[in-house]
Amino acid sequence: MKIDYSEFFHQLEGTELEPWIEQLPERIAHGLRYERHGLLPQWEEMLAKLPIVEATSPSLSEREERDEDVASTNLKTEVRVIGEGIQGLEELLKAFHPWRKGPYDIHGVHIDTEWRSDWKWDRVRPHIQPLDGRTILDVGCGNGYHCWRMVGEGAKLVVGVDPSPMFVCQFFVMKNFIRDPRAWVLPLGIEDVPEAPGAFDTVFSMGVLYHRKSPLEHIERLKSFLRPGGELVMETLVVDGEDGYSLTPDGRYAKMRNVWCIPSVQTLETWIRNCGLDNVRTVDVTTTSTDEQRSTDWMTFESLSDFLDSADPSRTIEGYPAPKRAVVVANA
Ligand code: SAH
């Protein structure tokens, strides 16, 4: 497998995104230059070593719960490629450690990722417009786990963007096996995505807002990509508090250096309305559990339980409220 976007550009011909065919190659090359990550050449080598699989049968959506699943991983929903076992596959996949977003099941290898991203999807999916036939932008998509789930819902095209070259490599690992032309992950931050006014039916921003120094500008930018009536799906950290309240961590939050501002749900709704979106509604608020985010064999670094105060798990080790996340949906 090579990181190659020619098929993507081909798909953009004759669409509203056609100008991207000219604009993107330089930005993609910039996002993947070797100075961005020392291991990038090694990952490219490992990608090239992935077995060429032809007849796979990917399963990207919900499946029936079986007893064994409940007993083992409780895998109710999935990104899975069913096929014969491949020798040495687990070792190859482990070369792309740390696996943060998933889970994936590839030729019998279960990638038990740090996050149960399927749980997030279960909280989001019932509340959004059906994705069938839609053109979707997923901003800060990580390795593209939810992009595949969107394809599983019938999306026409899913463009994920994420500035992390490692996550882009993990996406191409999956593309090697899933071989579905409808999902792509570009090595770009939102600030590097070329304009495309009104080109998308749904724009997702999940787990990104608090990493942005100017949250309102982030929301405004997301809106610019939406067609009138299109849907914004915002998932982000929130804190308890009234309208107007937000938390600005003094230094780190849950050991993260890049968390700038965490609004209350009311404040977040106001921000979204003030950016000109309508029909703003909070559809879910959930405190993140140490079952949803934890260290595993596929992500051996510290995780949520290490970021919380062991004497009072309702606080981070810095003394802030423990991570709680909201899903807010709105229309352009
Ligand atoms: N959307 C996924 C992943 C969230 S993790 C999910 O909800 O599970 C947050 C992601 O935001 C990381 O992968 C990080 O690389 C990405 N990110 C950080 N800064 C960004 C930016 N400026 N533009 C887009 N994505 C960004």
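These remarks concern the structure in this document. (Residues numbered from 1 in each chain as written. Predicted model: local features only at pLDDT ≥ 70, side-chain atom pairs only at ≥ 80, totals over all residues. Heavy atoms only, no water.)

## A few points about the side chain of N176
Here comes step 1: By secondary structure assignment, the location of N176 is in helix α8 (residues 165-178).
Here comes step 2: Excluding residues within four positions of it along the chain, N176 makes contact with M1, L50, P51 and V53. (Helix = DSSP H or I, 4+ residues; strand = E, 2+ residues; numbered from the N terminus. Contact = heavy atoms within 4.5 Å.)

## A closer look at the pairing of strand β9 (residues 183-186)
Here comes step 1: Burial of β9 is two-sided: the residues A183 and V185 facing one way and the residues W184 and L186 facing the other way are all buried.
Here comes step 2: Summarising the sheet, strand β8 (residues 157-161) and β9 pair through four bridges and their orientation is parallel. Bridge pairing links G160 to V185 in β9.
Here comes step 3: The handedness of the β8 to β9 crossover, carried by α8, is right-handed. (Buried < 20%, exposed > 50% of the residue type's maximum accessible area, 1.4 Å probe, protein only. Pairing = 2+ DSSP bridges. Right-handed = clockwise from strand over helix to strand, strands pointing away.)

## What to know about the environment of L237
Here comes step 1: For L237, the location among the structural elements is in strand β11 (residues 226-238).
Here comes step 2: Between the alpha carbons of L237 and L209 there is a distance of 8.1 Å; along the sequence they are 28 residues apart.
Here comes step 3: Look past the residues within four positions of L237 in its chain and what remains in contact with it is Y210, Y253, I262, P263, P323, K324 and R325.

## Digging into the site of the ligand
Here comes step 1: The ligand sits among 16 residues. The nearest are K120, G140, D162, I190 and M206.
Here comes step 2: The side chain of D162 places a nitrogen or oxygen atom 2.6 Å from an oxygen atom of the ligand.
Here comes step 3: Computed on the free molecule, the ligand has an accessible area of 570 Å², of which 87% lies beneath the protein chains in the complex.
Here comes step 4: With respect to the detected pockets, the ligand is housed in the largest pocket.
Here comes step 5: Here the shell around the ligand is built from residues that sort into six nonpolar, five polar and five charged. (Near = heavy atom within 4 Å. Polar contact = N/O pair within 3.5 Å; in protein donor to acceptor, adjacent residues only side chain to side chain. Areas by Shrake-Rupley, 256 points an atom, 1.4 Å probe, with all protein chains shown as cover. 1 Å grid on protein atoms, 1.4 Å probe; cavity = no way out; pocket = protein on both sides within 12 Å on 5 of 7 lines; lining within 4 Å. Sits in = over half its atoms within 2 Å of the grid points. Nonpolar A, V, L, I, M, F, W, Y, C, P; charged D, E, K, R; others polar.)

## Some details on the nonpolar core
Nonpolar side chains in soluble globular proteins tend to be buried together.
Here comes step 1: Membership of the largest hydrophobic core comes to 92 residues, with the highest contact counts inside it found for Y5, F8, W20, L186, F200, F204 and I272.
Here comes step 2: Looking at this core, the element that brings in the most residues is α8, giving 10 residues.
Here comes step 3: In this view, F8 contacts L24, L157, V159, W184 and L186; residues no more than four positions away in its chain are not counted.
Here comes step 4: Ranked by size, the runner-up nonpolar core spans 10 residues in total, among them L237, Y253, I262 and Y320. (Core = buried A, V, L, I, M, F, W, Y, C linked by side-chain atoms within 4.5 Å.)

## Thoughts on the layout of surface pockets
Here comes step 1: Considering only enclosed or pocket space, the largest pocket measures out at about 1300 Å³ in volume.
Here comes step 2: Contributing to the lining of the largest pocket are 43 residues, with F167, G207, H211, M256 and N258 lying nearest its centre.
Here comes step 3: Those elements giving two or more residues to the lining of the largest pocket turn out to be α6 (117-124), β7 (135-139), α7 (145-152), α8 and α11 (304-307).
Here comes step 4: Here the lining of the largest pocket is composed, by residue class, of 20 nonpolar, 10 polar and 13 charged. (Points joined across faces, edges and corners; volume = space filled by probe spheres on them.)

## Let's talk about unusual backbone geometry
Glycine aside, residues mostly have negative phi, and peptide bonds are mostly found in the trans state.
Here comes step 1: The omega angle of the peptide bond from H97 to P98 is 0°, so this bond is cis rather than trans.
Here comes step 2: Along the polypeptide, P98 turns up in the loop between α5 (89-94) and β3 (101-102).
Here comes step 3: Of the consecutive residues G102 and P103, the connecting peptide bond is found in the cis state with omega at 10°.
Here comes step 4: Along the chain, P103 falls in the loop between β3 and β4 (104-106).
Here comes step 5: Phi is positive for H107, close to 50°, though the residue is something other than glycine.
Here comes step 6: The residue H107 is located in the loop between β4 and β5 (109-111) in this model.
Here comes step 7: In this structure H107 comes out as buried when scored by relative accessible area, which is 9%.
Here comes step 8: In this model, K255 sits at a positive phi of 65°, which is unusual for a non-glycine residue.
Here comes step 9: Within the secondary structure, K255 sits in the loop between β12 (246-247) and β13 (262-263).
Here comes step 10: Overall, K255 belongs to the partly exposed group, its relative accessible area being 28%.

## Things to note about the packing of α6 against α7
Here comes step 1: At a minimum axis distance of 10 Å, the contact between α6 and α7 shows a crossing angle of 45°. The pairing of α6 with α7 is recorded here as oblique in orientation. Regarding α6 and α7, the two cross each other, and that crossing is right-handed. Counted together, S117, D118, K120 and W121 of α6 and Y145, H146, R149 and M150 of α7 form the full contact between these two elements.
Here comes step 2: Tallied by class, the residues present in the contact of α6 with α7 amount to three nonpolar, two polar and three charged. (Axes fitted to C-alpha atoms, helices over the stretch in contact; angles between N-to-C directions. Parallel < 35°, antiparallel > 145°, perpendicular 65-115°, else oblique. Left-handed = near helix turned anticlockwise from the far one by under 90°.)

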